[in-house]
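Read off the chains here:
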Amino acid sequence: MAEIPDPADMPAYLKMLHFEADDRGCAIMGGGLVEHYLTQAIKCRLIDPGAKLAGEWFIRPSAPFSTFSAKIQLGMAIGIYGPMMHGRLNAIKDIRNVFAHQALPLTFEHPTLLDSLLKLAPFLKGSKNDNYKLVYATGCVALGDALIKDAAEHAGRDITTSFP
């Protein structure tokens, strides 16, 4: 993913995720979107460390906040969100990780994903009538949108929505 969509393009991005032929692609792209927006939300709450120090915090492989998991914990610790959002972010991370690290073909209907999908969307019934891919894609777009709006409201500065 070389560029993150502008907030006005989010409906089109959701449609793209939903119609992505490969569930693995949808899971990884949706999770990447949320992780990017979470990083932006965190950076807007911290003192601007400058590019060099930000790289040491977020980019280097051994950086303390280089992983999605570490960013989720940091976001909770600095008060960006509460327990419900924390749980949903972890669900997105867990689903993305299952797709990213599973060598076998996998779809959103796989039983190992149901617990995480229920954390993301507690209204699911766990039936074959539920469209798990759409629920995941919608959850990613909605959480990403909430994170970037919160960051914009609390940062008092513009937020970049594309990768450097």
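Everything below is about the structure printed above this text.
Right, let's walk through the structure included here.

Rules and cut-offs
- Residues numbered from 1 in each chain as written.
- Predicted model: local features only at pLDDT ≥ 70, side-chain atom pairs only at ≥ 80, totals over all residues.
- Heavy atoms only, no water.
- Buried < 20%, exposed > 50% of the residue type's maximum accessible area, 1.4 Å probe, protein only.
- Helix = DSSP H or I, 4+ residues; strand = E, 2+ residues; numbered from the N terminus.
- Contact = heavy atoms within 4.5 Å.
- Disulfide = S-S within 2.5 Å.
- Core = buried A, V, L, I, M, F, W, Y, C linked by side-chain atoms within 4.5 Å.
- Axes fitted to C-alpha atoms, helices over the stretch in contact; angles between N-to-C directions.
- Parallel < 35°, antiparallel > 145°, perpendicular 65-115°, else oblique.
- Left-handed = near helix turned anticlockwise from the far one by under 90°.
- Nonpolar A, V, L, I, M, F, W, Y, C, P; charged D, E, K, R; others polar.

1. Considerations on helix α4 (residues 68-77)
Those residues of α4 that fall on the buried side of the exposure criterion are Phe68, Ala70, Lys71, Ile72, Leu74 and Gly75. Lining the buried residues of α4 we find α2 (23-45), α3 (50-59) and α5 (83-101). Just downstream of α4 lies Gly79, where phi reads positive at about 80 degrees.

2. Describing the environment of Met16
Locating Met16 in the fold gives a position in helix α1 (residues 10-19). Residues Met16 and Ala137, 121 residues apart in the sequence, show an inter-C-alpha distance of 9.1 Å.

3. Description of the state of the cysteines
By the definition in use, this model includes zero disulfides. The closest cysteine sulfur to the non-disulfide-bonded Cys140 is located on Cys26, 6.9 Å from its own sulfur.

4. Observations regarding the nonpolar core
One finds Tyr81, Leu89, Ile92, Phe108, Tyr136 and Leu147 to be the most contacted residues of the largest nonpolar core, which totals 41 residues. Counting only elements with at least two residues in this core, the list comes to α1, α2, α4, α5, α6 (114-120) and α7 (132-155). Looking at which element gives the most residues to this core, the answer is α7, with 10 residues. Ignoring any residue separated from it by four or fewer positions in sequence, one finds Leu89 in contact with Val34, Phe68, Ile72, Tyr81, Leu143 and Leu147.

5. Re the packing of α2 against α4
Viewed as axis vectors pointing N to C, α2 and α4 meet at an angle of 40 degrees, and their least axial separation amounts to 10 Å. As far as their axial angle goes, α4 and α2 are oblique. Every pair of crossing elements has a handedness; the one defined by α2 and α4 is left-handed. In contact with Gly31, Val34, Glu35, Leu38, Thr39 and Ile42 of α2, α4 contributes Phe68, Lys71, Ile72, Leu74 and Gly75. Per-class residue counts for the contact of α2 with α4 are six nonpolar, three polar and two charged.

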